[in-house]
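Structural overview for review
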Amino acid sequence: MAAAEDTIRAGAEAKAWDVERVREDFPVLSQTVNGKPLVYLDNAASAQVPRIVIERGAKYLREEHSNIHRGVHYLSQKATSAYEGAREKVKRFINAREARECIFVRGVTEGINLVMHGYGRKFVREGDEIVVSEMEHHSNLVPWQMLCEEKGARLRVIPMNDEGELVLDEFDGLLNERTKLVCVGHVSNSLGTVNPVKEIVARAHKQGVPVLVDGAQGAPHLKVDVQDLDCDFYAISGHKMFAPTGSGVLYGKAEWLEKMNPFIGGGSMIRTVTFERSTYAAIPDKFEAGTPAIASAIGLGAAIDYLNGIDREAAHAHERELLAYATERLTSIEGVRIIGTAREKASVLGFVIGDVHPHDVGTILDQEGIAIRAGHHCAQPVMQHFGVPATARASFAFYNTKEEVDRLVAAVQKVIEVFA
Amino acid sequence: MSELSELYQQVILDHNKKPRNFQKLEGANRTSEGFNPLCGDQLTVYMLMDEGVVRDLSFVGTGCAISKAAASMMTQAVKGKTREEAQVLFHEFHRMVTGELDEEAEENHLGRLKIFAGVRDYPARVKCASLAWHTMHAALEGAETATTENLGPGEVNP
Ligand SMILES: Cc1ncc(COP(=O)(O)O)c(C=O)c1O
């Protein structure tokens with residue numbers, strides 16, 4: 001059975017990925033910037049949106065716009081069913097057991113803060129410990145520092161090596177009876193490292209500790225199966241997976257979500273309200289106070305439709321090919337140093353050019369019509385580990401091409417000329 | 001849109017490579033720290049102020065070519081100026097890089113500093129050019145820190 005599956009997968013990988021055809025689905029890609037065709041390599045910050053997502057959002061605004069869950073009228077029912085339909089799509093996309101385990105949030109940052117308030121403030125006490133990793137995005141670090149400060153709890157850190165891989169041998173030693181939660185990213189946004197989250201979850205669970213996975217960079221590049229990972233929480237941001245900003249999901253196992261405190265209080269999250277006390281609605285409503293970003297959530301559903309409609313194995317294989325090609329070409333340029341050389345990487349490529357500041361790199365590349373990210377990528381401890389103030393980062397999506405990598409390489413050479 | 005060469009001119013590249021007055025100033029009676037929380041640029045300005053005159057001025061710090069060159073040339077421009085003259089330069093520079101001052105049409109004292117005019121075409125980089133000036137200004141005023149965090153709309157990163 002496993003062997004048969006492998007053959008099927010290998011077959012899919014071998015199939016040609018028609019990147020020119022796919023690019024036509026993304027209207028934004030066909031423009032020129034500074035007189036040159038746009039090369040968009042900032043996908044890890046926000047990925048572009050395909051036409052069907054744009055059209056789905058427009059259709060909602062044109063024909064269905066209305067508040068959800070509150071009206072008995074036609075439009076409200078249309079909007080509600082589109083919104084709940086998107087939740088079903090998310091459920092299938094990440095293979096959650098039930099749709100009510102998928103909470104719509106603004107993005108990963110809000111999802112993690114939901115867990116911090118709902119789980120952390122309820123269950124974490126003085127002297128308890130929270131484990132994070134050295135490569136976390138600030139959004140999976142700062143909320144836990146805030147919690148530790150409030151509770152007198154302690155933050156423990158899984159270290160990484162100079163390749164940018166977590167040192168799992170040290171992980172077991174960090175777990176003890178005071179550990180209340182492990183928080184780790186699926187894929188590092190600054191290094192590209194794919195972390196062995198399934199293994200991390202297994203080890204944490206052996207000690208009875210739940211695990212939150214920051215899936216901001218996981219969902220766009222990997223097939224996510226939350227039941228297979230067996231993680232307790234998984235957070236995703238729609239804008240990193242071809243949907244509009246303002247859409248995101250916090251997946252949580254129902255048994256946790258039910259035990260947790262609500263996060264934001266207000267309308268829609270209550271069952272009964274009197275001046276003496278209020279009782280809360282069942283999940284997912286308990287965590288969705290106020291009018292949500294309905295159009296964005298519906299857009300996320302459409303983005304999932306889009307992803308289901310393409311050959312994702314081939315798409316991911318194409319991304320890996322771009323990463324390998326770009327890594328090889330940039331490595332061969334004297335003075336370029338790749339930051340993040342883990343064995344398992346997604347298509348995120350951090351680098352520095354000699355002692356040229358990455359902001360200067362970013363500006364010069366922008367002049368060439370190339371969009372990359374320059375900065376600390378909300379991961380200052382990672383920058384500290386590698387002894388750099390910042391890095392330049394090119395991140396590839398399945399609509400990028402080898403020719404675009406060549407343009408990146410030529411522009412990097414130009415930077416070296418300017419600063420020679 | 002300016003061509004690349006207009007921002008990364010030889011003078012700027014040269015000051016980036018060999019920043020002037022780039023050391024801690026022994027005997028400074030004012031120091032001010034500036035930081036740009038958006039990009040992590042950080043610098044310290046040391047000032048020796050005597051009878052209303054900036055007798056000496058230096059800086060140390062890390063940042064991009066634009067911010068380093070701007071700091072280097074700022075120290076050269078402000079050294080020896082009176083407090084009032086330094087204030088005038090600060091305001092003129094600030095207005096130039098935010099596009100409020102046309103350095104060719106309006107009278108000003110910017111001189112060589114005009115090579116930073118091109119920065120106004122790169123809104124994301126305006127703060128890089130002005131950080132050293134804000135920090136110097138803070139030192140003039142006797143403040144210990146300056147930040148580009150809460151600047152007016154002209155300087156907000158888009
Ligand atoms: C790994 C990682 N975690 C968290 C986030 C935060 O996501 P958002 O800004 O959508 O809340 C990002 C995005 O910048 C990210 O790359």
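Look above for the structure.
This report concerns the structure included in the present document. This structure is a prediction, so every number in the text was calculated from the model and none was measured.

Across its full length, chain B carries 5 helices and 4 strands. For chain B, the α and β elements follow one another from N to C terminus as α-α-β-β-β-α-α-α-β. For chain B, restricting intrachain contacts to residue pairs at least 6 apart in sequence, the fraction spanning at least 24 positions comes to 60%. On chain B, roughly 7,100 Å² of surface is accessible, and the fraction owed to carbon and sulfur atoms is 48%.

Take the overall build of chain A next. A count of helical and extended segments in chain A gives 16 helices and 17 strands. What you see for chain A is a C-alpha radius of gyration of 22 Å, in line with the 22 Å of a compact globule of 420 residues. For chain A, the spread of C-alpha atoms along the principal axes amounts to about 70 × 55 × 50 Å. Per-residue burial for chain A yields a buried fraction of 57% across its 420 residues. A total accessible area of about 17,500 Å² is found for chain A, and carbon and sulfur atoms account for 51% of it. With 47 positive and 57 negative side-chain charges, chain A shows a separation of 6 Å between the mean positions of the two kinds.

A few words on the side chain of Arg203 of chain A. Residues and elements named next belong to chain A. Following the sequence through the fold, Arg203 ends up in helix 8 (residues 197-206). Among the polar contacts made by the side chain of Arg203, one reaches the side chain of Asp172 at a distance of 3.0 Å. Look past the residues within four positions of Arg203 in its chain and what remains in contact with it is Leu168, Phe171, Asp172 and Leu175.

Looking now at the pattern of salt bridges. Residues and elements named next belong to chain A. Here the structure, examined in full by the defined rule, presents 35 salt bridges over all chains. Close ionic contact of Arg156 with Glu129 constitutes a salt bridge, the shortest N to O distance being 3.2 Å. Remark: Glu129 occurs in strand 5 (residues 129-133) and Arg156 occurs in strand 6 (residues 154-158); sequence separation between them is 27 residues. Assigned by exposure class, Arg156 and Glu129 land together as buried. Within the structure, one salt-bridge network assembled from shared partners comprises Glu129, Arg154, Arg156, Glu177 and Arg178.

All names here are of chain A. The environment of the ligand is formed by Gly107, Val108, Thr109, His137, Ser139, Asn189, Asp214, Ala216, Gln217, Ser237, His239 and Lys240. Taking Thr109, its side chain carries an N or O atom lying 2.6 Å from an oxygen atom of the ligand. Coverage of the ligand by the protein chains reaches 83% of its 390 Å² of free accessible surface. In terms of residue class, the shell around the ligand is made up of 2 nonpolar, 8 polar and 2 charged.

Another aspect to go through is the sheet that holds strand 13 (residues 336-339) of chain A. Sheet strands pair by backbone hydrogen bonding; their relative direction is either parallel or antiparallel. Residues and elements named next belong to chain A. Spatial strand order, 13-14-17-16: 4 strands in an open sheet with antiparallel pairing. Pairing within the sheet leaves two strands with one partner each, and these edge strands are strand 13 and strand 16 (373-375). Across this sheet, the average inter-strand angle for adjacent strands is 30 degrees, counted without regard to direction. With 4 bridges connecting them, strand 14 (residues 348-353) and strand 17 (residues 391-395) associate as antiparallel partners.

Taken together, the contacts link 19 residues of chain B with 12 residues of chain A. Here chain B packs against chain A, burying approximately 1,200 Å² in sum over the two surfaces, 59% of which is carbon and sulfur. One can count 1 salt bridge joining chain B with chain A. One salt bridge in this structure joins Asp360 of chain A and Arg125 of chain B, with 2.9 Å as the shortest N-O distance. Applying the counting criterion to the chain B and chain A interface returns 6 residue pairs in polar contact (both at pLDDT 80 or more).

A separate point is the state of the cysteines. By the definition in use, this model includes 0 disulfides over all chains. Between Cys148 of chain A, a cysteine without a disulfide, and Cys183 of chain A, which holds the nearest cysteine sulfur, the sulfur-to-sulfur distance is 9.3 Å. Cys64 of chain B takes part in no disulfide bond, and the closest cysteine sulfur, belonging to Cys128 of chain B, lies 3.8 Å away. For Cys64 of chain B, a relative accessible area of 0% translates into the label buried.

Within the secondary structure, Asp360 of chain A is located in helix 14 (residues 358-367). Aside from chain neighbours lying at most four places away, what touches Asp360 of chain A is Phe419 of chain A together with Tyr8, Cys64, Ala65, Ile66 and Arg125 of chain B.

Moving on, we come to the packing of aromatic side chains. Counting across every chain of the model gives 17 aromatic pairs over all chains. With 5.7 Å between their ring centres and 65 degrees between their planes, Phe93 of chain B and Phe116 of chain B make a pair best called edge-to-face. Placement of the pair is Phe93 of chain B in helix 4 (residues 83-97) and Phe116 of chain B in the loop between helix 4 and helix 5 (126-140), with a sequence separation of 23 residues. Members of the aromatic cluster, joined through ring pairs, are Trp17, Phe26, Phe242, Tyr306, Phe398 and Tyr399 of chain A. Lys259 of chain A extends its terminal NZ or CZ atom over the ring of Trp256 of chain A, reaching a point 4.6 Å from the ring centre. Of note, Lys402 of chain A hangs over the ring of Tyr325 of chain A, and the distance from its end group to the ring centre comes to 4.8 Å.

What follows concerns the nonpolar core. Across soluble globular proteins, nonpolar side chains have a tendency to be buried as a group. Residue and element names in this part refer to chain A. Residues Phe242, Phe398 and Tyr399 are the most contacted members of the largest nonpolar core, which totals 75 residues. When residues of this core are assigned to their parent elements, the largest contribution, 9 residues, is made by helix 12 (residues 294-309). Looking at this core, you find at least three residues from each of domain 1 (2-48 + 311-418) and domain 2 (55-308). Discounting residues that sit within four places of it in the chain, Phe398 has contacts with Trp17, Val19, Val22, Phe26, Phe242, Tyr306, Leu307, Ile310, Ala315, His318 and Glu319.

Definitions and limits used
- Residues numbered from 1 in each chain as written.
- Chains lettered and ligands numbered in written order.
- Predicted model: local features only at pLDDT ≥ 70, side-chain atom pairs only at ≥ 80, totals over all residues.
- Heavy atoms only, no water.
- Helix = DSSP H or I, 4+ residues; strand = E, 2+ residues; numbered from the N terminus.
- Contact = heavy atoms within 4.5 Å.
- Areas by Shrake-Rupley, 256 points an atom, 1.4 Å probe, with all protein chains shown as cover.
- Rg over C-alpha atoms; globule rule 2.2 N^0.38 Å.
- Buried < 20%, exposed > 50% of the residue type's maximum accessible area, 1.4 Å probe, protein only.
- Lys, Arg positive; Asp, Glu negative; His and termini not counted.
- Charge placed at Lys NZ, Arg CZ, Asp CG, Glu CD.
- Polar contact = N/O pair within 3.5 Å; in protein donor to acceptor, adjacent residues only side chain to side chain.
- Salt bridge = Lys/Arg side-chain N within 4 Å of Asp/Glu carboxyl O.
- Near = heavy atom within 4 Å.
- Nonpolar A, V, L, I, M, F, W, Y, C, P; charged D, E, K, R; others polar.
- Pairing = 2+ DSSP bridges.
- Axes fitted to C-alpha atoms, helices over the stretch in contact; angles between N-to-C directions.
- Buried area = accessible area lost by both parts, 1.4 Å probe.
- Disulfide = S-S within 2.5 Å.
- Phe/Tyr/Trp six-rings, centres within 6.5 Å; stacked < 30°, edge-to-face > 60°.
- Lys NZ or Arg CZ within 6 Å of the ring centre and 35° of its normal.
- Core = buried A, V, L, I, M, F, W, Y, C linked by side-chain atoms within 4.5 Å.
- Domains from an automatic or database assignment.

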